[in-house]
Amino acid sequence: MSWGLIFALTLMLFSLRFIPGLPLRLPVFIQQALTYSAPCLLVAICAPIVLLEEQQFRDISDNPYLWGTLFCIIASRLIKNTLLTVVLTLVFFYTLIYLF
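Note on numbering: residues in each chain are counted from 1, in written sequence order. Under the rules for a predicted model, residues below a pLDDT of 70 receive no local features and side-chain atom pairs below 80 are neither given nor counted, while totals for whole chains, interfaces and linings still include all residues. Side-chain numbers come from the whole structure's heavy atoms, not from hydrogens or water.

Asker: What's the story with the packing of helix H4 (residues 64-78) against helix H5 (residues 82-99) in this structure? I'm lost.
Answerer: Packed helices, taken two at a time, are described by the angle between their axes plus the distance between the axes. Angles shown run from 0 to 180 degrees and are taken between the N-to-C directions of axes, each axis being a line fitted to C-alpha atoms and, for helices, limited to the stretch in contact. A run of DSSP states H or I qualifies as a helix once it reaches four residues; a run of E qualifies as a strand once it reaches two. Both are numbered from the N-terminal end. Remark: H4 packs on H5, axes separated minimally by 9 Å, with the N-to-C direction vectors making an angle of 155°. Here H4 lies roughly antiparallel to H5, going by the angle between them. Relative to H5, H4 is oriented so that their crossing is right-handed. Residues Pro64, Tyr65, Trp67, Gly68, Phe71, Cys72, Ala75 and Ser76 of H4 pack against Thr85, Leu88, Thr89, Phe92, Phe93, Leu96 and Ile97 of H5. When residues are grouped by polarity, Ala, Val, Leu, Ile, Met, Phe, Trp, Tyr, Cys and Pro land in nonpolar, Asp, Glu, Lys and Arg in charged, and all others, Gly among them, in polar. Looking at the contact of H4 with H5 residue by residue, the classes come out as 11 nonpolar, 4 polar and no charged. Oblique is the label for any angle not covered by the other classes, which are roughly parallel (under 35 degrees), roughly antiparallel (over 145) and roughly perpendicular (65 to 115). Each crossing gets its handedness from the near helix: less than a right angle anticlockwise from the far helix is left-handed, clockwise is right-handed. We call two residues in contact whenever any of their non-hydrogen atoms come within 4.5 Å of each other.

Asker: Sorry if this is basic, but what is going on with H4 here?
Answerer: Count 3.6 residues to each turn of an α-helix, and residues three or four apart come out pointing the same way. Given a rise of 1.5 Å per residue, 15 residues ought to cover 21 Å, and the 21 Å separating the end C-alpha atoms of H4 matches this to within 8%. Classification of residues uses two cut-offs on accessible area relative to the type maximum, computed with a 1.4 Å probe and protein chains only: under 20% is buried, over 50% is exposed, and between them is partly exposed. Every buried residue of H4 is listed here: Pro64, Leu66, Gly68 and Ala75. Elements in contact with the buried residues of H4: helix H3 (37-51) and H5. How far a helix is expected to stretch is found by multiplying one less than its residue total by 1.5 Å.

Asker: Help me understand a negative patch on the surface, please; the structure alone is not making it clear to me.
Answerer: On the surface, Glu53, Glu54, Asp59 and Asp62 cluster together to form a negatively charged patch. Take Asp62: it is sitting in the loop between strand E2 (56-57) and H4. Patches were defined on residues exceeding 30% relative accessible area and lacking a salt bridge, with like-charge contacts within 9 Å and nonpolar side-chain contacts (Val, Leu, Ile, Met, Phe, Trp, Tyr) within 5 Å. Only the protein chains shown count as cover for residues, and the accessible areas themselves come from Shrake-Rupley with a 1.4 Å probe. Put simply, a salt bridge is a Lys or Arg side-chain nitrogen that is within 4 Å of an Asp or Glu carboxyl oxygen. Only four residue types enter the charge count, namely Lys and Arg as positive and Asp and Glu as negative; His and the chain termini do not. By convention, charge coordinates are those of NZ in Lys, CZ in Arg, CG in Asp, or CD in Glu.

Asker: Even after reading the chapter, I still don't get a nonpolar patch on the surface, so can you show me in this structure?
Answerer: A contiguous nonpolar surface patch, about 490 Å² in accessible area, is contributed by Ile60, Trp67, Leu70, Ile73 and Phe100. As for its placement among the helices and strands, Trp67 is situated in helix H4. What makes Trp67 partly exposed here is its relative accessible area of 35%.

Asker: Which parts of the structure should I look at to understand the packing of aromatic side chains?
Answerer: What describes a pair of aromatic rings is the distance from one ring centre to the other and the angle between the planes of the rings. Any two of the Phe, Tyr and Trp rings considered here, Trp counted by its six-membered ring, make a pair once their centres fall within 6.5 Å; the pair's planes then place it as stacked at under 30 degrees, edge-to-face at over 60, or tilted in between. Using the criterion set out here, one finds 3 aromatic pairs in the structure. A ring pair is formed by Phe71 and Phe92, whose centres lie 4.3 Å apart and whose planes are at 15°; its orientation type is stacked. Taken together, the residues span a long stretch of sequence, with Phe71 in helix H4 and Phe92 in helix H5 at a distance of 21 residues. Considering the side-chain rings of Phe93 and Tyr94, the 5.3 Å spacing of their centres and the 70° angle between planes classify their relative orientation as edge-to-face. Judged by relative accessible area, Phe93 falls into the buried class, the value being 16%. Among the aromatic residues, those joined into a cluster by ring pairs are Tyr65, Phe93 and Tyr94.

Structure follows, in structure tokens:
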């Protein structure tokens, strides 16, 4: 994907979401599709970091990124405090890094 296309899509997404007086009204199905843009981008950015190392899949048993991700998901569901979840996840992740 070219940088120009990425910047154009970014500009369109932010202009539709953050400029309140914009007279453009999108159909409901497009507005609903745009609500999934942030989670999709997050997965697209994080998945290669968590699952790959030097273009090869990481081993599941000693992958601190995968275990840290799973811990973060579980902690965020159990603990509703975002700051506490982030701190606990960082402690857990760096403990795994130190042990592996």
